[in-house]
Amino acid sequence: MQASAQAQPNIALVKYWGKRDHVLNLPAVGSLSLTLDSLWTRMSVSFEDIEHDVLEVNGADATAMLPRVSRCLDLVAGEERRRARIISESNFPIAAGLASSASAFAALVVAANEAAETGHGTRQLARLAGAASGSAARSVFGGFVQLTPGDAAIEVEQLARADDWPLQVIVALTNEDQKPIGSSEAMMRSEKSSPFYQRWIEAQALDLGAARDALFDRNFAVLSGVCEHNCLKMHSLTWTSRPPVVYWNAATVSCLETVRTLQAKGHGVFFTMDAGPQVKAVCLPESAAVAKAALEQTPGVIRVMSSGLGDGARVLKD
Ligand code: DP6
């Protein structure tokens, strides 16, 4: 009754922001992402005869996160399941806008499914991960992944494998602290108060279609334009919420300037940011080294991580 799984975070190219159903955690819009390779979360789940679930994250007791994790285990293994000892380990900062909840819940559902021998298929596991954290549904799959919301459930599909278009992602860390406001709460604020929210919802299908076409055509220039536009729209929603949510800091803006300078010199690179101040530079393979060096030298950048694209969540055999 014990199993371990690994999943990597994913970077949203076309963003999920807003929910159509808060109870089921159904996204209001479709999204498209890249699953990374070298950042990971490993999750061990052991169902035992203990009184309560126990969660350890990176060597420390993590009681605050436990209710969400327990609910997710209930969905995978049923509410009558035995209690679980869960041990989570990540090789990158958590809750800092680097999609740690995506890799964590994707790894959790896969480990729990194996440990409890519940036999859910991959699409169902993606739905269960998504019920815990919308973006986690995408980390169940590798490469380029699309999430489509339905009225009662989501559909998640792999559009292309990691090695079909081996893009590189440089992550510029500008602040390693936990973000002041989580994405669920910030989304809710945008839904309620941003004057642009309705327009965001209406325009998303257009961005998704354009990004998909660019992916199928391997057209990096078109993909860059759509993804930067979609990212800036998402952040416009947070800026125009009441009270506003500004995830960026001065170094975030400096990184955007670095990317613009690289683009002006003809390099294949574009930026995207999620619910945090880190900048992810998506690069053509031949532009990755120069983008990494430029971001390392950008004022305010603490450190830089690089990753290729990777596979979906999977069981770890020792
Ligand atoms: C900005 O998946 O963290 O990263 O479903 O409330 O857990 P919950 O939200 P979450 O939101 C991710 C928001 C985003 C964009 C994205 O990943 O698509």
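Here the structure is a predicted model, which means the values were calculated and not measured.

Analysis parameters
Residues numbered from 1 in each chain as written. Predicted model: local features only at pLDDT ≥ 70, side-chain atom pairs only at ≥ 80, totals over all residues. Heavy atoms only, no water. Salt bridge = Lys/Arg side-chain N within 4 Å of Asp/Glu carboxyl O. Buried < 20%, exposed > 50% of the residue type's maximum accessible area, 1.4 Å probe, protein only. Helix = DSSP H or I, 4+ residues; strand = E, 2+ residues; numbered from the N terminus. Expected span 1.5 Å × (residues − 1). Near = heavy atom within 4 Å. Polar contact = N/O pair within 3.5 Å; in protein donor to acceptor, adjacent residues only side chain to side chain. Areas by Shrake-Rupley, 256 points an atom, 1.4 Å probe, with all protein chains shown as cover. Nonpolar A, V, L, I, M, F, W, Y, C, P; charged D, E, K, R; others polar. Core = buried A, V, L, I, M, F, W, Y, C linked by side-chain atoms within 4.5 Å. Pairing = 2+ DSSP bridges.

Thoughts on the pattern of salt bridges
Per the stated rule, a full pass over the model turns up 19 salt bridges. One salt bridge connects D164 with R161, and the closest N-O pair in it is separated by 3.5 Å. Since its relative accessible area comes to 31%, D164 is described here as partly exposed. A salt bridge links D207 to K233; the shortest N-O distance between them is 2.9 Å. Pair noted here: D207 is in helix 6 (residues 197-217) and K233 is in helix 7 (residues 220-239), with a separation of 26 residues, a long-range link. Exposure class is identical for D207 and K233. Each is buried.

Describing helix 1 (residues 66-77)
Given a rise of 1.5 Å per residue, 12 residues ought to cover 16 Å, and the 16 Å separating the end C-alpha atoms of helix 1 matches this to within 8%. Downstream of helix 1 by one or two residues, G78 has phi in the positive range, about 90°.

Digging into the site of the ligand
As a matter of local geometry, the ligand sits amid 18 residues, with Y16, K19, G134, S135 and S184 nearest to it. Between the ligand and S133, the relevant distance is 2.7 Å, taken from an oxygen atom to a side-chain nitrogen or oxygen of the residue. Take S135: an N or O atom from its side chain is 2.7 Å from an oxygen atom of the ligand. Protein burial of the ligand: of its 460 Å² of free accessible surface, 94% is covered by the chains. Of the residues contributing to the shell around the ligand, the split by class is 6 nonpolar, 7 polar and 5 charged.

Structural notes on the nonpolar core
Ranked by internal contacts, the top residues of the largest apolar core, which has 41 residues, are V45, I86, L108, V109 and V156. Residues Y247, F271, M273 and V301 belong to the second largest nonpolar core, which totals 34 residues.

Brief notes about the pairing of strand 13 (residues 269-272)
The alternating pattern of strand 13 places V269 and F271 on one face and F270 and T272 on the opposite face, and all of these are buried. Bridge analysis of strand 13 against strand 14 (residues 279-283) gives 4 bridges, and the strand direction is antiparallel. Bridge assignment links F271 to a residue of strand 14, and that residue is A281. The hairpin turn running from strand 13 into strand 14, its antiparallel successor, is 6 residues long.

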